[in-house]
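Structure assessment
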Amino acid sequence: MELGFEKELQGIISKLDARQRPSRIPGIPAKKATILCSATLKMNVQKLGEISLKDAVHIKADPEDEDEDREKDEDAAFRVPAQLKQSYSIVASKLRLVSLTAYLKRTFMRKGSVMKAIVFVSCADSVNFHFEVFTRKLGNQESNEDNSNSNSSSSDDEEKDTKETEKPSPATAAGTIAPATAFSNPSNAVTLYKLHGSLPQHVRTSTLNSFAKNRDPSVLICTDVASRGLDLPNVDLVIEYDPAFSADEHLHRIGRTARLGRDGRAHIFLLPGCEENYVDILKKGYRDGGKALTRTTADEMLKRGFGGNVEAQNKDWDDKATEWQLDLERWALENPEYLEMARRAYQSHIRAYATHIANERHIFNIKELHLGHLAKSFALRDRPGKINVPGLRPGQEQSKKDFKAERKSAAGGKKRKAPAYSGGRDDDDDAPASGANDVTLAAQRMRAKMKEHMGGASEFNLA
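Here's a quick rundown of the structure. Numbering of residues starts from 1 in every chain and runs along the sequence as written. Per-residue local features are limited, in this predicted model, to residues with pLDDT of at least 70; the limit for side-chain atom pairs, both in listing and counting, is 80 or more; totals at the level of whole chains, interfaces and linings are taken over all residues. Working from all heavy atoms in the structure, the side-chain values ignore hydrogens and water.

Overview of the overall build of the protein chain
Put simply, the test is: The way it works is that DSSP assigns letters per residue, a run of H or I at least four long becomes a helix, a run of E at least two long becomes a strand, and they are numbered from the N terminus. Exposed residues in this analysis have more than 50% of their type's maximum accessible area, buried residues have under 20%, and partly exposed residues fall in between, with area computed by a 1.4 Å probe over protein chains only. Note on contacts: a residue pair is in contact if any heavy atoms of the two residues lie within 4.5 Å. For every accessible area listed, the method is Shrake-Rupley and the probe measures 1.4 Å; residues are considered covered only by the protein chains on display.
Across its full length, the protein chain holds 17 helices and 8 strands. When each of the 463 residues of the protein chain is scored for burial, the buried share is 40%. A fraction of 77% describes how many contacts in the protein chain between residues 6 or more apart in sequence connect residues 24 or more apart. Surface exposure of the protein chain reaches about 26,400 Å², of which carbon and sulfur atoms provide 50%.

A word on the pattern of salt bridges
Note the following rule: Throughout this description, the term salt bridge denotes a Lys or Arg side-chain nitrogen within 4 Å of a carboxyl oxygen of Asp or Glu.
Enumeration according to the criterion identifies 13 salt bridges in this entry. The salt bridge involving Arg-228 is made with Glu-249; its shortest N-O contact spans 3.0 Å. Of the two residues, Arg-228 sits in the loop between β5 (218-222) and β6 (237-240) while Glu-249 sits in helix α9 (residues 247-254), which places them 21 residues apart along the sequence. Between Arg-330 and Glu-323 there is a salt bridge whose closest N-O contact spans 2.6 Å. Within this structure, Arg-136, Glu-323, Asp-327 and Arg-330 form a network of salt bridges that share partners.

Some words on helix α3 (residues 96-107)
Basically, it comes down to this: Multiply 1.5 Å by the residue count of a helix minus one, and that product is the helix's expected span.
Under the 1.5 Å per step criterion, the end-to-end length of α3 is 16 Å for 12 residues, consistent within 8% with the ideal 16 Å. Taking burial as the measure, the 12 residues of α3 include 10 buried ones, the bulk of the element. Those residues of α3 that fall on the buried side of the exposure criterion are Arg-96, Leu-97, Val-98, Ser-99, Leu-100, Thr-101, Ala-102, Tyr-103, Leu-104 and Thr-107.

Quick notes on the pairing of strand β4 (residues 191-195)
A regular strand places its side chains on the two faces of the sheet in alternate fashion. The test is simple: Strand pairing is assigned whenever DSSP identifies at least 2 bridges connecting the two strands. Convention used here: a crossover is right-handed provided that the path from the first strand, over the helix, to the second strand proceeds clockwise when the strands point away from the viewer.
Burial analysis of β4 places 4 of its 5 residues in the buried class, the great majority of the element. Here strand β3 (residues 177-179) runs beside β4; their pairing, made up of 3 bridges, is antiparallel. Among the inter-strand pairings, Ala-178 is bridged to a residue of β4, identified as Leu-192. Alignment of β4 against β5, held across 5 bridges, turns out to be parallel. Among the inter-strand pairings, Lys-194 is bridged to a residue of β5, identified as Ile-221. A crossover links β4 with its parallel partner β5, the connecting element being helix α8 (residues 201-213), and its sense is right-handed.

A closer look at the packing of α3 against helix α4 (residues 124-135)
How we decide: Axis geometry follows a simple rule: fit a line to the C-alpha atoms, using only the stretch in contact for helices, then measure angles between N-to-C directions, giving values from 0 to 180 degrees. Our angle categories are set so that under 35 degrees counts as roughly parallel, over 145 as roughly antiparallel, 65 to 115 as roughly perpendicular, and the remainder as oblique. Rotating anticlockwise by less than a right angle from the far helix to the near helix defines a left-handed crossing, while the corresponding clockwise rotation defines a right-handed one.
Direction vectors running N to C along α3 and α4 enclose 55 degrees, while the axes themselves pass 12 Å from each other. Relative to α4, the element α3 is oriented oblique. Relative to α4, α3 is oriented so that their crossing is right-handed. Facing Leu-97, Leu-100, Thr-101 and Leu-104 of α3, the residues of α4 in contact are Phe-129, His-130 and Phe-134.

Here's the deal with the packing of α4 against helix α13 (residues 336-353)
Going by this rule: When residue character is reported, Ala, Val, Leu, Ile, Met, Phe, Trp, Tyr, Cys and Pro are called nonpolar, Asp, Glu, Lys and Arg charged, and the others, Gly included, polar.
Two numbers describe how α4 lies on α13: the axes approach to 8 Å, and their chain directions differ by 140 degrees. Here α4 is positioned oblique relative to α13, judged by the angle of their axes. Like other packed secondary-structure pairs, α4 and α13 cross with a definite hand, here left-handed. Of the residues in α13, those in contact with Asp-125, Ser-126, Asn-128, Phe-129 and Glu-132 of α4 are Tyr-338, Met-341, Ala-342, Arg-344, Ala-345 and Ser-348. Class assignment of the residues belonging to the contact of α4 with α13 gives a composition of 5 nonpolar, 3 polar and 3 charged.

Notes on the side chain of Asp-242
Threshold: Under the rule applied, a polar contact is a pair of N or O atoms within 3.5 Å (in protein, one hydrogen donor and one hydrogen acceptor; residues adjacent in sequence only if both atoms are side-chain atoms).
With respect to the secondary-structure elements, Asp-242 resides in the loop between β6 and α9. For Asp-242, the side chain forms a polar contact with the main-chain nitrogen of Ser-122, separated by 2.9 Å. Excluding residues within four positions of it along the chain, Asp-242 makes contact with Arg-96, Phe-120, Val-121, Ser-122, Ser-126, Arg-253 and His-349.

Observations regarding unusual backbone geometry
Although it is not a glycine, Ala-258 adopts a positive phi angle of roughly 55 degrees. Secondary-structure assignment places Ala-258 in the loop between α9 and β7 (264-270). If you check the backbone angles, Leu-260 has positive phi at about 55 degrees while not being a glycine. When you line up the elements, Leu-260 lands in the loop between α9 and β7.

Here's the deal with the sheet that holds strand β8 (residues 294-297)
Across the sheet, 8 strands lie side by side as β3-β4-β5-β2-β6-β7-β1-β8; this open sheet has mixed pairing. Lying at the two open borders of the sheet, with one neighbouring strand each, are β3 and β8. Strand-to-strand twist across the sheet, computed as the mean angle between neighbouring axes with direction ignored, equals 20 degrees. Along the sheet, α8 contacts β2 (116-120), β3, β4 and β5; its crossing angle with β4, the most-contacted strand, is approximately 145 degrees.

Regarding the packing of aromatic side chains
Note the following rule: Only Phe, Tyr and Trp rings are paired, with Trp represented by its six-membered ring, and only when their centres lie within 6.5 Å; those with planes under 30 degrees apart are stacked, over 60 edge-to-face, the remainder tilted.
Per the counting criterion, the structure on display carries 10 aromatic pairs. Ring centres 6.0 Å apart and planes at 25 degrees place the aromatic pair Phe-108 and Phe-183 in the stacked group. In this pair, Phe-108 is assigned in the loop between α3 and β2 and Phe-183 in the loop between β3 and β4, connecting sequence segments 75 residues apart. For the residue pair Phe-108 and Phe-183, the accessibility class agrees, reading buried in each case. Seen in terms of ring centroids, Tyr-353 and Phe-364 are 6.1 Å apart; in terms of plane orientation they differ by 80 degrees. Their pairing is edge-to-face. Linking Tyr-353 in helix α13 with Phe-364 in the loop between α13 and α14 (371-376), this pair joins segments that are 11 residues apart in sequence. Given a relative accessible area of 2%, Phe-364 falls into the buried group. Site record: aromatic cluster; members linked through ring pairs are Tyr-103, Tyr-241 and Phe-269.

Dropping the structure here:
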């Protein structure tokens, strides 16, 4: 109903009504019975009821059975379960990816502490990029595989017949399941899954089933396609790497854990500045005013993930984190396929950021994004140009400046040195994304891009 499928629903219901036939089974009524179940009765649910139900009987819980101490306000229906422990961290744009990696390293450092985790990001391109980052083969792994391949050539023929008889699952064939090399360790191997709405339905179903049945440590990186209607067993941790597009969607996301009385944890990444005001929204879910909500700094995550101890005095963790970021950037530069994937993810992330609901855009203000630093969280040393996003339209002077910069770069201008993940500020990165020199051409490109992505607008919100 929210996505505008009212006509389709009416068509389905009218066809069901037209195909009614008397039942041949004794005791079954001649007319079909329709039941509409919903946790909440919002306007769109009531409208769906008007379309699909006739002479309906409304059944609801007895108000006397509810908790007498429950506050009678709008927020009372959306309380955080007592067994759910929420935390947040304020992380600068350029530290986001390395901090997420450190957080996952620490999470799966010891076997048995966390079995399953879900990482929510904003769009499908971002899911694909992070899946490749976290499953990429490291240098020592590639050399070991080369050695093993040269030593096992004779066994390949023996295994060939076996592999031909095995039928891989749709998820395996589509490449949605792989070992998480970025945060696995020899004593605790982790499997990574990816899920988004652009995948075929049979692949999504197969991936979800595999994740649900897996009894080993595993992580699902996904969009909001997995935020509702799924009861995934034994999910211990939910990470909102990209905040939800609305507070309601945030509640659905964290509702994947701490189910049926089980303990669970949820962590959200926020940017410094306007996004820090989102903490006030998080606190509304607590009866104690948010005292149970804990804060973690980026340094603490990096120390725990790359140093093993938050109290570590040496700077070994800092060097390891820097080298990890630089190695990732080199990997992207050396592989055009992954470099293009990083650019698409970066651009889609910015477009998705612009789709936060209206009453929360003062918190998620796209004009406050530091595009240069944000690029580093996608393993990019320079931000891609020509990102046409409403709210980031460049002026004519800025367009001329960008055009001159591009011409200078094409003529062999000197490239600046790529900073490490904790490098200094690049003042020219504060400028919004560049457009073409010709204002008319820029407008045409913007309309073309918007038309191109309107078809996948739901990708930012649901899939």
